[in-house]
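Descriptive analysis of the structure
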Amino acid sequence: MTISDKAKTLLSEFSGPLEKSTTISKIWIFFLVLLIAWGMVGLYYQVRYGHVVTGMRDHVVWGIFIANFIFFIGISYAGAVISGVLHLLKIEWRKPFIRIAELITVIATIIGPVFILLCVGRLDRLHHLIIYPRLQSPITWDVLAISTYLMGSILLLYLALIRDFAIYRDSPELKVPNWQRKWYRWLALGFRNTPEQNRRIEISMQLLAIMIIPLAIIVHSVLSWIFGMTLRPGWHSTIFGPYFVLAAIYSGTGVLIIAMWVFRKIYKLDEYIQDKHFTYVGYMLLVLAAGYGYFTFSEYLTHWYGSEHWDMEVLHKLFNWEEYGGLFLFANLGGIVLPMLIVAIPSLRKPGWITFGSAVMVLAMWVKRYLIIVPTLETPLLPIQDTRVEFVYYSITWVEWSLTIGGLATFLLLFTLASKFVTIIPVAEMSETKAESVHLKMETT
Amino acid sequence: MRSKFIYRYIVLLGCLVLSLTFLKSQDEGVEMMRSRLSLTVIQKDDNKIDLQADFRVRKERSYERMAGVPVIFLISRDSINEEIGEALTNEDGAAILEIEAADWIAVDTQTITFIATYEGNDSISPSDRDATVMRANLALEGLELDSAQKQVQLTLIGTEDGTMKPVASAEVNLYLKRLFSNYKVGSAETDDDGIALVDFPSDFSGDRDGNLDLIAMVEDHDLFSTVRTARKLEWGQKIEEGEQELPPGLWSTDAPMWMLITFIVLMGTVWGHYIVIVLNLFKIKKEGKILTS
Amino acid sequence: MENRKQTESRDQSARRDFIKIGLGTLAAASCGGGLCSCKGKQEKDTIELLSPEGEVIEVPAHHVKHVHKTVGVSREEARKGIPGRKFVMVIDLGRCKNARNCITACQKMHHLPEDKEWISVLLMKDSEEASPYWFPKTCFHCDNPPCVKVCPVDATFKRSDGLVLIDTERCIGCKFCMAACPYSTRVFNWDEPEQPEEIQALDYSPETSVPSKIGTVEKCDFCPDMARMGKLPDCVTACPNGVFYFGDENEDVVTNGSETVRFSELIRDKSGYRYMEDLGTEPRVYYLPPRDRLFPWERGLDDLSDDIKDRFKDVLEDI
């Protein structure tokens, strides 16, 4: 297959991480492996001694594992939305970071469910989900929706990669070990850039782009219904579906911005991921922050105004400095106000600031998930009395922290390893771009 | 057979729990524990007699039941005591022995004296109790006055001057047998003909055939001790098995049809498309092979 | 072994059996409940038992076997429910003084450790001016059970006789049912259950809920194993004040062991109600309002250990 000059230039520019690892990246990987090993120690304890090693107890039956689960599924929206919506709208500026987004989707959708598994008391009986299925349970919906979503995301990522794999395969300049090239050859599926093959990929991607959006919405709605379908204050809310969906798109966009910034920094991609891209995504962030803020306001205002006894119990905990007041304030200031301000004020609308805002927002969104889970579970309809004192409040144990950090490290490690196997910029797609940046780049070389 | 087996276990367990409770107090002092027996003679309508001895042991301030205690029953005739048999107390502390009236009591006997005794042991004092009764019989009959009103007629006859005659002014209780206990429907006093009438409500449910188990008893009577009769009457509302099934809901084992269809359609659509896409991938591979070869 | 000879009377062989099983049997409760009088705590290898004759026998501890009170039906059978029954409970709040005998009886029945309760007694105060009262809480065995709705593997199920039971051999321990239950009834085995080996070796039945299994959910089961024998659940019989009435709604009769009353009349005459009727869960447990009280509520605090008293610390501050 003949490779265009544009693609050749692009490949030579981004092939660095594929060909050799820098010392820093080796240290980074080693560090992540250490964190994962720490997580494994936590896992060992949990499997060996039971869930007693976590902070979860009869009242707070779910803790940060579920918060992590929602969080990861949330950030998986990055790819779904960017590649789905922007692909359908044929927005050219999506191209430089589309792969980052799709990688986030696939990896986060793999890591997320691991956290729900950590909440399951009998992992040895997981097959019961298949042999005794009950379709009425939101957990079954979740299992079906997430596996379908994961399959779709993998297909979408792979379809976009086929052309790149073909380029890697047919570029003798690319200095990669033989086994790696073999993989490229196998994964490229004999793609020869014929119109017929291109048409097939185009059609498939179009189909997936259409499907991935409703799928993503379903996944997060179903996830919210795990909470919304119960009769608990703070959960039993009709807006939980759209609220979760929007929160997910929002946090997904935040993680995408962080990833864009990090890769731009590490791989010096300033030519491709430009300031204007940050501004564009920043505008998206602003709209999403406004929407998310609106939902948040609507949710709490309704509960507060109606002031039903149980709703108020939860609200009192959220507005009480001695309980969750600080976290709640942070979740709203950092999660809504700060990103909006940064994007709204022209002098702050810079990649650095936007990334900073996104980072704070992503953290705030994690806190928000925690605030959805724990205070509600600490406020059952019947007062918590006549139960072991240590059952009353939830506190995160070291096992839960180490597994959380281990999960995050796994996410980062998979991302790092992926960036060593495929170029972080879609070479084939970029080489078809009319964007001036590529021309500029070519002229300068 | 199995229920018998289970029952034995319960008796044993009860016995041991109680025994151990007792042992604990034993540790504190070696003094003898006082026991107490009470004896009820239950005359049944099938010419059988239940001798029921309730055994209690004094523990701290109260008398407690004890299981597994052997109680010997005797009959006293012409100042001669003859052993009838022995029974162990159950977990309610009652030792029950059923005897055939004809085996022990001649038809013309005026009064009969039964004795229940516990021999005692190193830690529990012996005790005994006697009860003197006259033969009596209670008959139960259902009267349907009209479709709405039902009455139970209870006829009590007892020994008087060597023959059985109606007994007046005796209180008779009517019970309905239910799963865990007997429900007292009502009570009435017998008239000169030995007849007592008790109204019976028509809104009780029976078994599948509408049968109700009725029990009538004269209890703790001065002369007769307890006289009992039981009878099945078709007076209850029928319980239909079908009605027992709860209506299907979100909580039932099988999903509602609409949900199943929605899922099949949704999943079928999405995975169907996935299959189309994967097939496309295979076609790409095939085309690639043709090109290279 | 002396007493063995003594027992050789008329009914020899049967009696022998009795003793044999007697020796091999020990109320499991004795290990946790402090009923066992191990002769001098230092000699733990023998245990004193009382023979059916009321005599003390010393047995080596390893001969002692824990036996469950009942034998449960198979897991398949346990899903069906007892034909024609519809179990119902009525709790008379006017009679409860937090004696907690229901809790300990339940623990004994199900071989639960001392600090794991399937029944709890809450101190409730409905409004500012209202007088506090003790509120015993079992599983409500709802007719529209939110817990059963959400189970992904059909491990917890609703039976035709009204009971909501759990098959802990199928439960995957996702705890969704615990989150869904509005009454916080369910408990989880966070670690390996503390139960004697003999109990753990028993065949599991959802009707006995014994033995407990790590990583699974369990709760009050209304003792259907006892009901099959026509016996009341242990919490009912253990209550010194007759707080709990239990029975079959089809028979329209409930009993607390000493009184037997018509269910419909009891509910009508004493204004029986279901807790949080507005949730639509349709519980099978009815409450009678705390009127005509047998005890002032303060009496409920009298004989509590400090540990238990601590559990009511917060609510007592509010009162």
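In this report, we go over the structure that sits alongside the text. (Residues numbered from 1 in each chain as written. Chains lettered and ligands numbered in written order. Predicted model: local features only at pLDDT ≥ 70, side-chain atom pairs only at ≥ 80, totals over all residues.)

1. A word on the overall build of chain C
Here is the rule we go by: The helix and strand labels rest on DSSP assignments: H or I over at least four residues marks a helix, E over at least two residues marks a strand, and numbering proceeds from the N terminus. Field definition: a residue is buried when 20 or more other C-beta atoms are found within 10 Å of its C-beta, exposed when 12 or fewer are, and partly exposed for counts in between, with C-beta atoms placed from the backbone. Note on contacts: residues are paired as contacts if their backbone-placed C-beta atoms lie within 7 Å.
Across its full length, chain C holds 12 helices and 13 strands. When each of the 319 residues of chain C is scored for burial, the buried share is 55%. Across chain C, the fraction of contacts at a sequence separation of at least 24, relative to all contacts at a separation of at least 6, is 62%.

2. Re the interface of chain C and chain A
Note the threshold: Classification used: nonpolar for Ala, Val, Leu, Ile, Met, Phe, Trp, Tyr, Cys and Pro, charged for Asp, Glu, Lys and Arg, polar for all others including Gly.
In this complex, chain C contributes 40 residues to the contact, which on the side of chain A involves 37 residues. Taken together, the residues that form the side of chain C that touches chain A break down as 25 nonpolar, 5 polar and 10 charged.

3. Here's the deal with the packing of helix α10 (residues 195–228) of chain A against helix α11 (residues 240–267) of chain A
All names here are of chain A. Rules: Note on geometry: axes are C-alpha line fits, over the in-contact stretch for helices, and angles between N-to-C directions span 0 to 180 degrees. Angles are sorted into four bins: roughly parallel if under 35 degrees, roughly antiparallel if over 145, roughly perpendicular if 65 to 115, and oblique for all others. With the far helix as reference, a near helix turned anticlockwise by less than a right angle produces a left-handed crossing, and one turned clockwise produces a right-handed crossing.
The geometry of α10 relative to α11 is characterised by a closest axis approach of 8 Å and an angle of 125° between their N-to-C directions. With respect to α11, the axis of α10 lies oblique. Of the two possible hands of crossing, α10 and α11 adopt the one that is right-handed. Every residue of α11 that contacts α10 at I217, H220, S221, L223, S224, W225, F227 and G228 is listed here: F240, G241, Y243, F244, V245 and A248.

4. As for helix α8 (residues 138–169) of chain A
Residue and element names in this part refer to chain A. The condition that has to hold: Each residue after the first adds 1.5 Å to the expected span of a helix. Fitting one axis to the seven residues ending at a residue and another to the seven starting there, the bend at that residue is the angle between the two axes.
Between its terminal C-alpha atoms α8 stretches 44 Å, which fits the 46 Å expected from 32 residues at 1.5 Å a residue. Approximately 35° is the largest bend angle found in α8, and it occurs at L161. In terms of residue burial, α8 counts as a mostly covered element, since 26 of its 32 residues are buried.

5. Concerning the sheet that holds strand β10 (residues 244–248) of chain C
Residues and elements named next belong to chain C. Let me state the cut-off plainly: Any two strands between which DSSP finds at least two bridges are classified as paired.
Spatially, β12-β11-β10-β3-β13 is the arrangement adopted by the 5 strands of the open sheet, whose pairing is mixed. Edge positions in the open sheet fall to β12 (260–262) and β13 (285–288), since each of these has one partner strand only. The mean angle between the axes of side-by-side strands here comes to 25°, regardless of whether they run parallel or antiparallel. Of the pairings in the sheet, the one linking strand β3 (residues 87–92) to β13 comprises 4 bridges and is parallel in character. Bridging across to β13, D92 finds its partner in L288.

6. Details of the sheet that holds strand β8 (residues 127–133) of chain B
Residues and elements named next belong to chain B. Strand order across the open sheet formed by 4 strands is β5-β4-β7-β8, with antiparallel pairing between neighbours. The open sheet is flanked by β5 (80–88) and β8, the only strands paired with a single partner. Averaged over all adjacent pairs, the angle separating strand axes in this sheet is 20°, with direction ignored. Pairing analysis gives 5 bridges linking strand β4 (residues 70–77) to strand β7 (residues 112–118), with the strands arranged antiparallel. The residue bridging L74 from the neighbouring strand is I115, located in β7.

7. Description of the packing of helix α14 (residues 325–344) of chain A against helix α15 (residues 351–377) of chain A
If you want to describe how two helices pack, look at the angle between their axes and the distance between the axes. Residue and element names in this part refer to chain A. Across the interface, α14 lies against α15 with an axial gap of 8 Å and an inter-helix angle of 150°. Relative to α15, the element α14 lies roughly antiparallel. In this structure, α14 meets α15 at a crossing whose hand is left-handed. Contacts from L327, F328, F330, A331, G334, G335, L338, P339, I342 and V343 of α14 reach α15 at W353, I354, G357, S358, V360, M361, L363, A364, M365, V367, K368 and L371. Split into classes, the residues belonging to the contact of α14 with α15 amount to 17 nonpolar, 4 polar and 1 charged.

8. Focus on the pairing of β7(B)
All names here are of chain B. For β7, the tally of buried residues reaches 6 of 7 residues, placing the bulk of the element in the interior. Across 7 bridges, the pairing between β7 and β8 is antiparallel. Looking at β8, one finds that T117 is bridged to D128.

9. Observations regarding helix α4 (residues 64–75) of chain A
Count 3.6 residues to each turn of an α-helix, and residues three or four apart come out pointing the same way. Residues and elements named next belong to chain A. Its 12 residues give α4 an end-to-end C-alpha distance of 16 Å, which sits within 8% of 16 Å, the value for a rise of 1.5 Å per residue. With 12 of its 12 residues buried, α4 lies for the most part within the structure. Among all positions of α4, only I64, F65, I66, A67, N68, F69, I70, F71, F72, I73, G74 and I75 are buried.

10. Some points on the nonpolar core
Operational definition: Each nonpolar core comprises buried Ala, Val, Leu, Ile, Met, Phe, Trp, Tyr and Cys residues, the members being joined through C-beta atoms within 7 Å.
By size, the foremost hydrophobic cluster in this structure holds 262 residues, and its most contacted members are A:I100, A:I104, A:V219, A:L256 and C:F244. In terms of residues, this core owes the most to one element, α8(A), which gives 18 residues. When near neighbours in sequence (up to four residues on either side) are disregarded, C:F244 contacts C:M89, C:I91, C:C102, C:C235, C:V236, C:C239 and C:N256.

11. So, the pairing of β4(B)
All names here are of chain B. With 8 bridges joining them, β4 and β5 adopt antiparallel strand pairing. Bridge pairing in β5 links F73 to G85. Taking the residues between adjacent antiparallel strands as the criterion, β4 and β5 are bridged by 2 residues, where D78 takes a positive phi near 50°.

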